[in-house]
Amino acid sequence: MALSASKLQVGQTFSAVVVEDLSRTQIVQYAGASGDYNPLHTDETFATEVTGYPSVFAHGMLTMGMTGRMVTDLVGDGRLQSFGGRFLSQVWPGDDLTTTASIDAIHGEAGGPVVELSLRTVNQDGMQVFTGYATSRVDP
Amino acid sequence: MTLERFPIEAGHVMLFARSIGDPNPIYRDDEYAGASEVGAIIAPPTFVQAGAQFDDSYPLRPKIGVPWFGSGRAPTSAPRESRPGGGSGGGGGTGLHAEQHYLYHRALRVGDVLTATSRPGERWEKEGRRAGRLLFSETITEFRDQNGELVVTARAVGVRTERVVEA
């Protein structure tokens, strides 16, 4: 299902929980799929004893991937024109993450209407872990 | 990074979608995808990051016959200088990934065979509150399809810190 520009308003927001109680296993699953096996993410002994972090933590790209799922659920498949952002804080095992997308602008272009979204993913304490943007084609 | 051949394979896309917790059938179901607007199984928006699997020189994957720097009998099997460290696609060195940006020129489909070339972008420095001096560097990667057409342009920003940031 794709969004329809005629039903959207600037300032409108959408939210979804993208992970609850993030597991170390999911972080390892992402390592296996992405190919990034950095022991900071996959090896508790290395992360705590060698680098001094309190535990392993998620790849920034796992947080961005989960954020992207919320965005594609919202705008539809194969419609994104851009997607980007910053990793602001580490995501740890046990975290719950929620992504909120806000409509910043809707404008007409040759290929049809385009929506500009700002994105914010926060943890269970309300701390921002990722902020960014996406632009997407939408239906008229 | 240079990728001479990054084939977009159905099983890989399915595993990647699972790992980000995305149950959308557009990433695994031929029949569903065939009847959809895009007409084929596509890859999730951050999938090109998994091109690392096809990069022979990628430092964050254990390689057969080469000592790995993670824990085994000891917490690490490599001295600090020889560890590739963080840099999940962003920087390398003892760095972390600070930003990631994608421009999509078209949807990436199973069956596409990509090549990729990276070039360095800007570099800058900042004084961090907790981590000392922060060194930022940009890497721009163009992913092209089997016809040489641009599919995704990725811009990664990596940051290297002087110290581990305490939580």
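The text that follows walks through the structure, step by step, so that each part is easy to find. (Residues numbered from 1 in each chain as written. Chains lettered and ligands numbered in written order. Predicted model: local features only at pLDDT ≥ 70, side-chain atom pairs only at ≥ 80, totals over all residues. Heavy atoms only, no water.)

Observations regarding the overall build of chain A
Keep this limit in mind: By definition, any uninterrupted DSSP run of H or I lasting at least four residues is a helix, any uninterrupted run of E lasting at least two residues is a strand, and each is numbered from the N terminus. Categorising residues by exposure relies on relative accessible area from a 1.4 Å probe, with only protein chains included: less than 20% of the type maximum marks a residue as buried, more than 50% marks it as exposed, and the intermediate range marks it as partly exposed. By the convention used here, residues are in contact when the closest approach between their heavy atoms is within 4.5 Å. Residue-level accessible areas treat just the shown protein chains as cover; the underlying method is Shrake-Rupley with a 1.4 Å probe. Charge convention: Lys and Arg are scored as positive, Asp and Glu as negative, and His as well as the terminal groups of each chain are ignored. We put the charge of a Lys on NZ, of an Arg on CZ, of an Asp on CG and of a Glu on CD.
Scanning chain A from N- to C-terminus turns up 4 helices and 5 strands. Going from N to C terminus, chain A has its helices and strands arranged as β-α-α-α-α-β-β-β-β. Seen through its C-alpha atoms, chain A measures out along the principal axes to roughly 55 × 30 × 20 Å. The buried share among the 140 residues of chain A stands at 57%. Sequence-distant contacts in chain A: of pairs separated by 6 or more residues, those separated by 24 or more amount to 65%. Carbon and sulfur atoms make up 48% of the accessible area of chain A, which amounts to about 5500 Å² in all. Considering chain A, the positive charge centre built from 7 side chains and the negative charge centre built from 15 side chains are found 10 Å apart.

Digging into the pattern of salt bridges
Pairs can form between side chains of opposite charge once their charged atoms are near each other. Residue and element names in this part refer to chain A. Definition in use: Any Lys or Arg side-chain nitrogen located within 4 Å of an Asp or Glu carboxyl oxygen qualifies as a salt bridge.
Scanning the entire structure with this criterion turns up 11 salt bridges over all chains. A salt bridge links glutamate 44 to arginine 24, with the shortest nitrogen-to-oxygen separation between them at 3.1 Å. Remark: arginine 24 occurs in helix 1 (residues 24-34) and glutamate 44 occurs in helix 3 (residues 44-50); sequence separation between them is 20 residues. Accessibility expressed as a relative area gives 29% for glutamate 44, which makes it partly exposed.

Comments concerning the interface of chain B and chain A
As a reminder, the rule being used: Buried area counts how much accessible surface, traced with a 1.4 Å probe, disappears from two parts once they are put together, with both parts' losses summed. Between N or O atoms, a polar contact is any pair within 3.5 Å; within protein, one atom must be a potential hydrogen donor and the other a potential acceptor, and residues adjacent in sequence are included only when both atoms are from side chains.
On the side of chain A, 45 residues touch chain B, which itself brings 51 residues to the contact. Contact between chain B and chain A buries roughly 3700 Å² in total, counting both sides, with carbon and sulfur atoms accounting for 56%. There are 2 salt bridges connecting chain B and chain A. In this structure, B:Glu99 engages A:Arg86 in a salt bridge whose closest nitrogen and oxygen atoms are separated by 3.6 Å. Put simply, chain B and chain A have 14 residue pairs in polar contact (both at pLDDT 80 or more) between them. Those elements giving two or more residues to the side of chain B that touches chain A turn out to be helix 1 (10-19) and strand 2 (95-104) of chain B. A per-element tally of the side of chain B that touches chain A places strand 2 of chain B first, with 9 residues.

Structural notes on the nonpolar core
The following threshold applies: The definition of a nonpolar core used throughout is a set of buried Ala, Val, Leu, Ile, Met, Phe, Trp, Tyr and Cys residues joined through side-chain atoms within 4.5 Å.
In terms of nonpolar packing, the biggest core is built from 59 residues, with A:Leu117, B:Phe47 and B:Phe143 touching the most fellow members. At 8 residues, helix 4 (residues 60-75) of chain A tops the list of elements feeding residues into this core. If you look at the next biggest cluster of nonpolar residues, it comprises 10 residues, including A:Leu40, A:Phe57, B:Tyr58 and B:Ala78.

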